[in-house]
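Summary of the model geometry
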Amino acid sequence: MTAVPRFAATADGAPTPAMLAAWDRDGVLVLEDAVPEADCDALIERSRAIVEAWDPAEGAAVFSTTAPKHAADRWFRDSGDKIRVFLEAGAVDDTGRLTRPKRAAVNKLGHAMHDLDPVFERVSRRPSLAALAHGLGLADPLLVQSMVIWKPPAVGGEVTCHQDATFLVTEPESVVGFWLALEDADESNGCLYAIPGGHRGPLRRLFREVDGALVTETLDPAPFDDAAAVPLPARKGTLVVLHGRLPHGSAPNTSDRSRMAYTLHMVDGTARWHPGNWLRRSPGMPFRGFSDMTD
Ligand SMILES: O=C(O)CCC(=O)C(=O)O
């Protein structure tokens, strides 16, 4: 098991030569103190307010990577330019009714907080994150997807091992994920794990629209090298940067502590956005970069 080095984030966000060497070798970077704790708290507070304001009667869907049914669901399909709440499979009964309070039942929020909510927009478009994205080689980083992964105590589900390039498709591949620990994450509450160097392997699957339906195609049946996976514990404010091909996931949260994280996925605007991507935007809401603030 190869340990992944940890770095103190630079003040301006620009990656150092040592960080770039680790990025090329491992396909993952762990940057401590990348975002101030006060900003993590602001995102948690906004997330809770969004959930409190949400009426389950408006709509809801279970999101699960172990028993995925969301692909056929309009609540998921139309969420690329909205802020929507998704639930844990273990928190609804056979009729889809919540079996626990809303706050304890959420799987995630998605997928456009970075464009629609001013607090998320401010944190997502921090100049230091822009400098990091450019420094990692994205010529024209476009912020395409945001999620709050809720991971509540006891029912927070597993995220199965995957590559983000499966889900956000450009030609050539260009997706990079920023995963921010909003709370301390360790092996007891389901921190991330990844397979360092696994980004140099093939892309295994593609999830995209074919004839009007979302389908998962297998491109390469080679299994991930699970034995090479390493846990990535992260203190609040730590940013884990994930190459689009890097196999990663997280175990269920069986502890009594929540493990909230914020993820922001970007692609390079110089690459072609595949028209079959599951994530779609209305014409009035195109993808924007780091410097395109709304106010
Ligand atoms: O936060 C997690 O547990 C997993 C998130 C993830 O894998 C992703 O956003 O691609």
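Residues numbered from 1 in each chain as written. Predicted model: local features only at pLDDT ≥ 70, side-chain atom pairs only at ≥ 80, totals over all residues. Heavy atoms only, no water.

The subject of this paragraph is the site of the ligand. Taken together, M147, I149, V159, H162, D164, W179, L192, H248, S250, R259, T263 and H265 make up the full set of residues adjacent to the ligand. Within the contact set of the ligand, an oxygen atom lies 3.1 Å away from a side-chain nitrogen or oxygen of H248. Taking 290 Å² as the accessible area of the ligand by itself, protein coverage stands at 96%. Elements that contribute at least two residues to the shell around the ligand include exactly β6 (141-149), β7 (159-162), β15 (248-250) and β16 (261-268). Class assignment of the residues belonging to the shell around the ligand gives a composition of 5 nonpolar, 5 polar and 2 charged. (Near = heavy atom within 4 Å. Polar contact = N/O pair within 3.5 Å; in protein donor to acceptor, adjacent residues only side chain to side chain. Areas by Shrake-Rupley, 256 points an atom, 1.4 Å probe, with all protein chains shown as cover. Helix = DSSP H or I, 4+ residues; strand = E, 2+ residues; numbered from the N terminus. Nonpolar A, V, L, I, M, F, W, Y, C, P; charged D, E, K, R; others polar.)

What follows deals with the sheet that holds strand β13 (residues 230-232). Pairing is antiparallel in the open sheet, where 4 strands are placed in the order β7-β15-β10-β13. Only two strands of the sheet have a single partner each, and these edge strands are β7 and β13. Averaged over all adjacent pairs, the angle separating strand axes in this sheet is 25 degrees, with direction ignored. Looking at chain direction, strand β10 (residues 192-194) and β13 are connected through 3 bridges and run antiparallel. Paired with A194 across the bridge in β13 is V230. (Pairing = 2+ DSSP bridges. Axes fitted to C-alpha atoms, helices over the stretch in contact; angles between N-to-C directions.)

This brings us to the environment of L242. If you trace the backbone, L242 turns up in strand β14 (residues 239-243). By relative accessible area, L242 is classed as buried at 3%. Sequence spacing of L242 and H199 is 43 residues, and the spatial spacing of their C-alpha atoms is 9.2 Å. What L242 contacts, discounting residues up to four positions off in sequence, is W23, G27, V28, V176, G177, W179, L192 and H248. (Buried < 20%, exposed > 50% of the residue type's maximum accessible area, 1.4 Å probe, protein only. Contact = heavy atoms within 4.5 Å.)

Before going further, it helps to spend a moment on the nonpolar core. What tends to happen in soluble globular proteins is that the nonpolar side chains get buried as a cluster. L29, L31, L109, F178, L239 and V241 are the most contacted members of the largest nonpolar core, which has 63 residues in total. Leaving out residues up to four positions away in the same chain, L109 has contacts with S47, I50, V51, R84, V85, S146, M147, V148 and W150. (Core = buried A, V, L, I, M, F, W, Y, C linked by side-chain atoms within 4.5 Å.)

Right, let's talk about helix α6 (residues 127-135) for a bit. All buried positions along α6 are accounted for by S128, L129, A130, L132 and A133. Tucked into the core, α6 has its buried residues touching β2 (28-32), α5 (118-124), β6, β9 (176-181), β14 and β16. Looking one or two residues beyond α6, the residue adopting positive phi is G137, at roughly 105 degrees.

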